[in-house]
Amino acid sequence: MTHPIEVCFDLSSPWTYLAFHNIRPIAARHGAEIHWTPILVGGVFNAVNPSVYAARKATDSPKFRHMGKVMRDWATLAGVELKFPVPWHPLKSVNAMRACCALEDDQRALERFAEAAFDAYFVEQRNLDDPAEIKAVAVAIGMDGAALVEAANSQPVKDRLRANTERLVARGGYGSPSIFVGGTDMYFGNDQLPLVEQALKRNGEAVS
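Here is a short report on the structure shown in this document. (Residues numbered from 1 in each chain as written. Predicted model: local features only at pLDDT ≥ 70, side-chain atom pairs only at ≥ 80, totals over all residues. Heavy atoms only, no water.)

## Concerning the side chain of R98
Tracing the sequence through the fold places R98 in helix α5 (residues 94–102). Despite its burial, R98 pairs with no opposite charge, the nearest such side chain being D159 at 8.1 Å. Aside from chain neighbours lying at most four places away, what touches R98 is A152, V157, K158 and L161. (Helix = DSSP H or I, 4+ residues; strand = E, 2+ residues; numbered from the N terminus. Buried < 20%, exposed > 50% of the residue type's maximum accessible area, 1.4 Å probe, protein only. Lys, Arg positive; Asp, Glu negative; His and termini not counted. Salt bridge = Lys/Arg side-chain N within 4 Å of Asp/Glu carboxyl O. Contact = heavy atoms within 4.5 Å.)

Put into structure tokens, the structure is as follows:
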């Protein structure tokens, strides 16, 4: 585990859902540990990328229609089911991301919860803004859902999510997923995962 990857993520992003499934085999091939960092993508957009809101309104544009086709192709390539758009999209994800932040110090638990939450949103089309749904997702994978929701509402966890988001903006991030190799080498989105793998190979050669 010599070349850690950091993935700054928000559960509301379909491209992050795809990257979540696609980056793990890449990391495994290179013996690279992944650190999952929950962020609030809406906070990032408000700070440095507000144009995304106007782009979301152009649902009848050729680019938007083609993006849906490409997204489905990526899902097929990744071997995952993806139902999009979700009725709740764009999701107000603050409650779900606070739950993720409450688990950040236990990375295995966070990864398990994130996988289940992604499936709940992009496959089962459940509203992850609802604390009852967050609790149910946690309970279904053997966690104490009530305790998780309670922790997510604590001030330290709220502060942590805000700090994670502000730190990403300060590092040059502008959306989810923002991926860092070796701490500073940043990549964005599922489409740039081949570049992430190239960076891991390059770093491996440098230390061999």
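Still to come is the rest of the account.
## Points about helix α9 (residues 155–170)
Since there are 3.6 residues in each turn of an α-helix, residues three or four apart along the chain are aligned in direction. The terminal C-alpha atoms of α9 lie 22 Å apart, and with 16 residues this matches the ideal 22 Å at 1.5 Å per residue to within 8%. Along α9, the residues that are buried comprise V157, L161, N164, T165 and L168. Across the axial projection of α9, the buried residues extend over an arc of 90°, all falling on one side. Away from its buried face by more than 90 degrees, α9 exposes P156, E166 and A170. Summarising the contacts, the buried residues of α9 are in contact with β1 (5–9), β2 (34–38), α2 (41–48), α5, α8 (145–152) and β3 (178–181). Immediately beyond the C-terminal end of α9, within one or two residues, lies G172, with a positive phi of roughly 100°. (Expected span 1.5 Å × (residues − 1). Arc of directions from axis to C-beta.)

## Examining the pairing of β3
Of the two faces of β3, the one carrying S178 and F180 and the one carrying I179 and V181 are both buried. Bridge analysis of β3 against strand β4 (residues 185–188) gives 4 bridges, and the strand direction is antiparallel. Of the residues in β4, the one forming a bridge with I179 is Y187. Joining the antiparallel neighbours β3 and β4 is a turn of 3 residues, in which G182 adopts a positive phi near 65°. (Pairing = 2+ DSSP bridges.)

## Concerning the sheet that holds β3
With mixed pairing, 4 strands are arranged side by side in an open sheet as β2-β1-β3-β4. Each having just a single partner strand, β2 and β4 make up the two edges of the open sheet. Taking the axes of each pair of neighbouring strands and ignoring which way they run, one obtains an average angle of 20° across the sheet. Along the sheet, helix α6 (residues 107–122) contacts β1 and β2; its crossing angle with β2, the most-contacted strand, is approximately 65°. Against the sheet, α9 engages β1, β2 and β3, with an angle of about 110° to β2. (Axes fitted to C-alpha atoms, helices over the stretch in contact; angles between N-to-C directions.)

## Some words on the state of the cysteines
What the rule picks out here adds up to 0 disulfides. Free of any disulfide, C8 has its nearest cysteine sulfur in C101, 11 Å distant. This cysteine, C101, is not joined by any disulfide, and C100 carries the nearest cysteine sulfur, 7.7 Å off. (Disulfide = S-S within 2.5 Å.)

## Quick notes on the pairing of β1
By the criterion of burial, β1 is predominantly enclosed, with 5 of the 5 residues buried. Across 5 bridges, the pairing between β1 and β2 is parallel. When the sheet's bridge partners are listed, E6 is paired in β2 with H35. For the crossover from β1 across helix α1 (residues 14–29) to β2, the handedness is right-handed. (Right-handed = clockwise from strand over helix to strand, strands pointing away.)

## Here we look at unusual backbone geometry
Note that the residue after F84, namely P85, is joined by a cis bond; omega there is 5°. At Q125, a position not held by glycine, the phi torsion is positive, near 60°. Its location among the elements puts Q125 in the loop between α6 and α7 (131–140).

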